[in-house]
Amino acid sequence: MTLTDQIPNNVDLGSDRKLMRALMRWQPNFLSWWRDMGPEGFQENQVWLRTAVSVEPSGWAHYDYVRMPEYRWGIFLTPAENDVITFGDHAGEPKWNEVPGELRGVLRRLIVTQGDTEPASVEQQRTLGRTAPSLYDLRNIFQVNVEEGRHLWAMVHLLHQYFGRDGREEAEALLMRRSGDPDTPRILSTFNERTDDWLSFFMFTTFTDRDGKFQLSALSESGFAPLARATKFMLTEEAFHLFCGETGVERVLRKSAEVTMQDPNGDARKYGTIDLHTIQKYINFWYSSSLDLFGSELSTNAADCFAASIKGRHREDRYEDHKALGQIYTLPMMENGKVTMREVPMRTALNEILRDEYVKDCERVCTRWNAALAETGIDFRVTLPSRSFRRTVGTFAGYSFDPQGKLIDDATYRAKQDDWLPTSSDYEFVRSLMKPVYEPGKYASWIAPPQKGVKGQPADYPYVRFDNEHAAE
Ligand code: BYC
Ligand code: FE
Ligand code: FE
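Residues numbered from 1 in each chain as written. Chains lettered and ligands numbered in written order. Predicted model: local features only at pLDDT ≥ 70, side-chain atom pairs only at ≥ 80, totals over all residues.

This part covers the sheet that holds strand β7 (residues 464–465). On the basis of which strands lie adjacent, the open sheet formed by 3 strands has the order β2-β1-β7 and antiparallel pairing. For this open sheet the edge positions go to β2 (62–67) and β7, each flanked by a neighbour on one side alone. Relative to β2, strand β1 (residues 46–51) runs antiparallel, the two sharing 6 bridges. What sits directly across from arginine 50, in β2, is tyrosine 63. Strand contacts of helix α5 (residues 135–162): β1 and β7, with the helix running at about 50° to β1, the strand carrying the most contacts. (Pairing = 2+ DSSP bridges. Helix = DSSP H or I, 4+ residues; strand = E, 2+ residues; numbered from the N terminus. Contact = placed C-beta atoms within 7 Å. Axes fitted to C-alpha atoms, helices over the stretch in contact; angles between N-to-C directions.)

Burial of β1 is extensive: 5 of the 6 residues sit out of reach of the surface. Pairing between β1 and β7: 2 bridges, direction antiparallel. Opposite glutamine 46, over in β7, you have arginine 465 as the bridge partner. (Buried ≥ 20, exposed ≤ 12 C-beta atoms within 10 Å, placed from the backbone.)

The subject of this paragraph is the nonpolar core. One finds Ile111, Val156, Leu199, Met203, Val252 and Ile279 to be the most contacted residues of the largest nonpolar core, which totals 95 residues. Sort the elements by how many residues they give to this core and α5 lands first, with 14 residues. (Core = buried A, V, L, I, M, F, W, Y, C linked by C-beta atoms within 7 Å.)

In this section: the site of ligand 1. Within the structure, ligand 1 sits among 25 residues, and Gly212, Gly295, Ser296, Ser299 and Asn301 are positioned closest to it. Per-element tally for the shell around ligand 1: the top contributor is helix α4 (residues 104–124), with 6 residues. Considering only residue class, the shell around ligand 1 consists of 6 nonpolar, 13 polar and 6 charged. (Near = placed C-beta within 6 Å. Nonpolar A, V, L, I, M, F, W, Y, C, P; charged D, E, K, R; others polar.)

What follows concerns helix α8 (residues 225–262). In this model α8 runs 56 Å from its N-terminal to its C-terminal C-alpha over 38 residues, within 8% of the 56 Å that 1.5 Å per residue would give. Most pronounced at threonine 236, the bend in α8 amounts to some 30°. (Expected span 1.5 Å × (residues − 1). Bend = angle between axes of the 7 residues up to and from the residue.)

Take the packing of α4 against helix α6 (residues 164–174) next. With their axes 10 Å apart at the nearest point, α4 and α6 run at an angle of 25° to one another. The angle between α4 and α6 falls in the class roughly parallel. For the crossing formed where α4 meets α6, the hand is right-handed. Residues Arg108, Val112, Gly115, Asp116 and Pro119 of α4 form the contact with α6, whose own contacting residues are Asp166, Glu170 and Leu174. Looking at the contact of α4 with α6, its residues break down into 3 nonpolar, 1 polar and 4 charged. (Parallel < 35°, antiparallel > 145°, perpendicular 65-115°, else oblique. Left-handed = near helix turned anticlockwise from the far one by under 90°.)

As structure tokens, then:
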């Protein structure tokens, strides 16, 4: 089998010998990384997965049983459409198909940062197959994992094709860093957090993959056409990751609410389900961590990237002024130890502007979770903490805020922390519930079944097959 058979693509890989050689050298390293750091066990099982085989609506969602190491990680760019730059100093000029010399460093940094998150998330989730609450969830996490693997391929393709030797070195380095490793950590904060219980996985795919949605959206406006087209296609896959997260948390909430109402003392833990208060603490943790991923409120990096037309805003088409020059933005900033409203040049506030979109999207999710809770009849509601709560990046870092956004002193924060964030005994309890359920159509005690199967499959569909003698080793 030739490499072009193994790597479905629409970048005419077959005719670019140099790119092909670079990818052929990288691929075995990727596979050995996948074997070492990808899903633990299950490498020989047949998993019912969706593979992108072309960018046409009919071709990109192809479902079949496949062993994960044989998954065909493809390279796809959405078709070139309107190739005019939509924002920044170069708005209105044609997009670039090569990297402009002066933007090389910044572009490479953005691509590497994006690329680094993809394998990081696979590493964070690697043991979860061992404790999947159902075959449905097992299949879904593997779908997410192989797609994050493909996102890594997408960024590595750009590094190899457009950044020469530096790009090849960065592509190797993407396989060398390790999530949570004190010596060679992943680049961004959240991607070094432990994600080793399923409630954390559902929170991660709700809140952290959603950072992916907005960052990819901003990159999909890029004047560098290959980056814009690669990220646009990645966004189509992202929707499924967000679906896993939102519906996953919703199913946990439903189960928890039902059990809580049945017990005279409202005790859910007694029945092997997660109590609502603990779920709220997980929300507080993952939402605040993911807010940090947007960077500082005031950022010259963000301003420079926008000016250079390489990273735009979410859905730039909604804005009237695509240069954002001479405009101001008002935002809360810490000044002399107090929260103060400040007016700043729009371009310097672009991280915050993207975070605003993210916050709105998270609020919509929260509203849907609360609608599900209301349906069960319980009066408990979940909330998002204030965006100043537990921040480690930006203007609020180093200050203590309560979840309502009130500035408090460190001692008060420390005294209340166990009420707001998961404690080691909460984690211990949640982990104690993580027992695998591999029987088709059955679900663990702490989660409700999904509303429907994957692509309309029946409730007892064997999404992961255990009929191979080496399976799940
Ligand atoms: N942790 O001016 P600042 C996804 C660094 S998720 C650690 O505030 P800037 C996915 C920053 O790098 C999407 N470091 O920020 C989800 C800079 O360092 P240098 C990922 C941080 O540069 C789930 C310094 O602090 N994609 O796809 O304006 C599963 C000062 O930076 C953090 C992207 O992020 C942090 N939280 O913006 C799988 C898009 N925040 O350069 C996948 C590409 C900031 O001075 N990245 N720093 O050494 C970017 O656009 C920007 O790099 C950032 C930061 C938005 C991350
Ligand atoms: Fe991704
Ligand atoms: Fe994702």
